[in-house]
Amino acid sequence: MKKLVSAGEILVEIMAERIGQSFLEPGPLLGPYPSGAPAIFIGQAAALGQPAGLIGAVGDDDFGRLNIERLRALGADVSAIAVHEGHATGTAFVTYRADASRHFVFNIRNSASGLIETDAAATKLLAGGDHVHVMGSSLFSDRAIAVALSAIEAVKAKGGTVSFDPNIRREIMQAPGMRAALDRVLSQADIFLPSGEELFLFSSAKDEKGAVEELLARGLSCIVLKKGAAGAAYHDRHGAVASSAFAVDEVDPTGAGDCFGAAFVSFWLRGAAPAEALRIANACGALAVTRKGPMEGIFPLAAVEAFIATGKNAQ
Ligand code: ADP
């Protein structure tokens with residue numbers, strides 16, 4: 001089976017317990033939950049049985065151990081996660097507003113995550129990789145951009161493929177070269193997985209149809225639009241496939257897009273038809289939102305299939 005690789009931020013998420021809770025005063029918190037968009041992605045892919053490994057860095061602390069142990073337990077290759085003494089693992093504090101939007105306080109660039117590099121272990125992981133998935137949020141510094149671009153180059157040089165999820169997090173995407181890096185990654189990508197308005201950051205068209213046509217003409221193999229509780233839509237040169245979402249009670253949206261993307265890319269790599277890849281991806285996205293914590297709603301393939309068959313939440 002083809003091996004997936006991603007590179008980027010590894011962190012713990014700490015969540016305000018109450019909707020509308022402010023970080024300007026003390027309040028109850030939940031967590032730490034293992035997190036970081038590329039970590040969620042790789043964890044979900046591994047849980048579905050896809051060989052998958054992550055390039056990144058954590059501190060020699062409990063938060064780092066929590067992440068490595070969770071990824072290992074899900075079956076991911078953690079050999080290219082560097083552990084740095086004297087540096088703390090990255091953190092994200094998140095609070096949900098009443099309108100369902102999220103407010104984050106991140107410490108990524110100045111955490112161990114900022115020390116990400118293409119070291120010997122990363123080079124070895126890439127040598128065995130067939131596909132690289134890049135999250136826009138992982139382009140958080142010049143150094144992180146260099147790692148992402150070198151991962152793409154290494155895998156493409158051996159005929160591999162690339163997927164790209166813009167995953168825009170304005171709070172962390174302040175690197176001066178970030179915009180150019182986003183465009184560069186898109187130009188290398190086979191699969192593009194934007195959600196909501198992200199599609200229009202990369203196109204001059206004002207409507208979805210025009211933007212999809214413009215981007216496909218630039219050489220993407222397919223575009224998968226993530227639409228939250230409205231499901232998802234797949235587009236390639238031959239046409240489009242829409243797939244509705246599964247009905248679930250959403251308790252925490254963080255991680256849905258990463259789990260969705262991991263499932264879609266894993267099944268695309270297995271040669272699944274778009275409708276099948278979309279169905280598994282919608283199920284993983286739906287399951288992700290049923291649990292507090294971005295990786296708590298990751299389930300193995302058998303549980304995802306049972307959820308699809310019964311429409312019931314995995315236990
Ligand atoms: P992102 O997290 O990248 O913003 P979305 O919010 O669109 O992406 O979620 C990704 C996918 O997860 C959706 O396409 C859908 O399949 C699933 N999903 C997200 N929210 C829900 C929900 N409330 N109910 C059911 N499925 C959902």
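Here we summarise the structure given alongside this text. (Residues numbered from 1 in each chain as written. Predicted model: local features only at pLDDT ≥ 70, side-chain atom pairs only at ≥ 80, totals over all residues. Heavy atoms only, no water.)

As enumerated under the stated definition, the model contains seven aromatic pairs in all. Ring geometry for Phe164 against Phe192: centres 5.7 Å apart, planes inclined by 20°, an arrangement best described as stacked. Residue Phe164 is found in strand β9 (residues 161-165), and its partner Phe192 is found in strand β10 (residues 191-192); the two are separated by 28 residues along the sequence. Like Phe164, the residue Phe192 is buried in the burial classification. Taking 6.1 Å as the distance between ring centres and 40° as the angle between the ring planes, the aromatic pair formed by Tyr234 and Phe264 counts as tilted. Of this pair, Tyr234 sits in strand β12 (residues 232-236) while Phe264 sits in helix α7 (residues 256-269); the two residues are 30 residues apart in sequence, bridging distant segments of the chain. (Phe/Tyr/Trp six-rings, centres within 6.5 Å; stacked < 30°, edge-to-face > 60°. Helix = DSSP H or I, 4+ residues; strand = E, 2+ residues; numbered from the N terminus. Buried < 20%, exposed > 50% of the residue type's maximum accessible area, 1.4 Å probe, protein only.)

If you check the shell around the ligand, you find 17 residues, and the closest are Gly228, Gly231, Glu250, Gly257 and Asn282. For the ligand, an oxygen atom lies 2.8 Å from a polar atom in the backbone of Gly231. Asn282 places a side-chain nitrogen or oxygen 2.5 Å from an oxygen atom of the ligand. When isolated, the ligand has an accessible area of 550 Å², and the protein chains bury 87% of it. Every element with two or more residues in the shell around the ligand is listed here: α7 and α8 (274-288). Residues that form the shell around the ligand fall into these classes: eight nonpolar, six polar and three charged. (Near = heavy atom within 4 Å. Polar contact = N/O pair within 3.5 Å; in protein donor to acceptor, adjacent residues only side chain to side chain. Areas by Shrake-Rupley, 256 points an atom, 1.4 Å probe, with all protein chains shown as cover. Nonpolar A, V, L, I, M, F, W, Y, C, P; charged D, E, K, R; others polar.)

Quick look at the sheet that holds strand β7 (residues 102-107) now. Ordered in space as β3-β2-β6-β7, the four strands form an open sheet in which the pairing is mixed. Here the strands that pair on one side only, and so sit at the sheet edges, are β3 (29-35) and β7. Neighbour-to-neighbour, the strand axes of the sheet open up by a mean angle of 20°, direction not taken into account. Where strand β2 (residues 11-16) and β3 come together, five bridges link them in antiparallel fashion. Across the sheet, residue Ala16 finds its bridge partner in β3, namely Leu29. Against the sheet, helix α2 (residues 62-73) engages β2, β3 and β6 (90-96), with an angle of about 55° to β3. (Pairing = 2+ DSSP bridges. Axes fitted to C-alpha atoms, helices over the stretch in contact; angles between N-to-C directions. Contact = heavy atoms within 4.5 Å.)

Turning our attention to the environment of His131. Following the sequence through the fold, His131 ends up in strand β8 (residues 131-135). Overall, His131 belongs to the buried group, its relative accessible area being 0%. When the C-alpha atoms of His131 and Phe192 are compared, they prove to be 13 Å apart, with 61 residues separating the residues in sequence. In contact with His131, not counting residues within four places along its chain, are Lys3, Leu4, Val5, Val155, Thr161, Val162, Ser163, Ile191, Val265, Trp268 and Leu269.

Before going further, it helps to spend a moment on the pairing of strand β1 (residues 4-7). Here β1 shows no split at all, with Leu4 and Ser6 on one side and Val5 and Ala7 on the other all buried. Here β1 runs beside strand β4 (residues 52-59); their pairing, made up of four bridges, is parallel. Looking across to β4, one finds that Ala7 is bridged to Ile55.

This part takes up the sheet that holds β1. Pairing is mixed in the open sheet, where nine strands are placed in the order β5-β4-β1-β8-β9-β10-β11-β12-β13. Unpaired on one side and paired on the other, β5 (81-84) and β13 (239-243) mark the two borders of the sheet. Here β8 pairs with β9 via five bridges, running parallel. Counted as the bridge partner of Val132 is Val162 from β9. Each of β11 (222-226), β12 and β13 touches α8; the most contacted strand, β13, lies at about 30° to it.

With that out of the way, let us pick up the pattern of salt bridges. One pass over the full model with this rule turns up 11 salt bridges. When the shortest N-O distance is used, the salt bridge between Glu213 and Lys209 registers 3.2 Å. Within this pair, Glu213 and its partner Lys209 are both found in helix α6 (residues 208-217), separated by four residues, close to a single helical turn. Two residues, Glu214 and Arg218, come together in a salt bridge whose shortest N-O distance is 3.5 Å. Under the relative-accessibility criterion, Glu214 is labelled partly exposed at 26%. With a relative accessible area of 53%, Arg218 lands in the exposed category. Salt bridges sharing partners connect three or more residues here, namely Asp60, Asp62 and Arg65. (Salt bridge = Lys/Arg side-chain N within 4 Å of Asp/Glu carboxyl O.)

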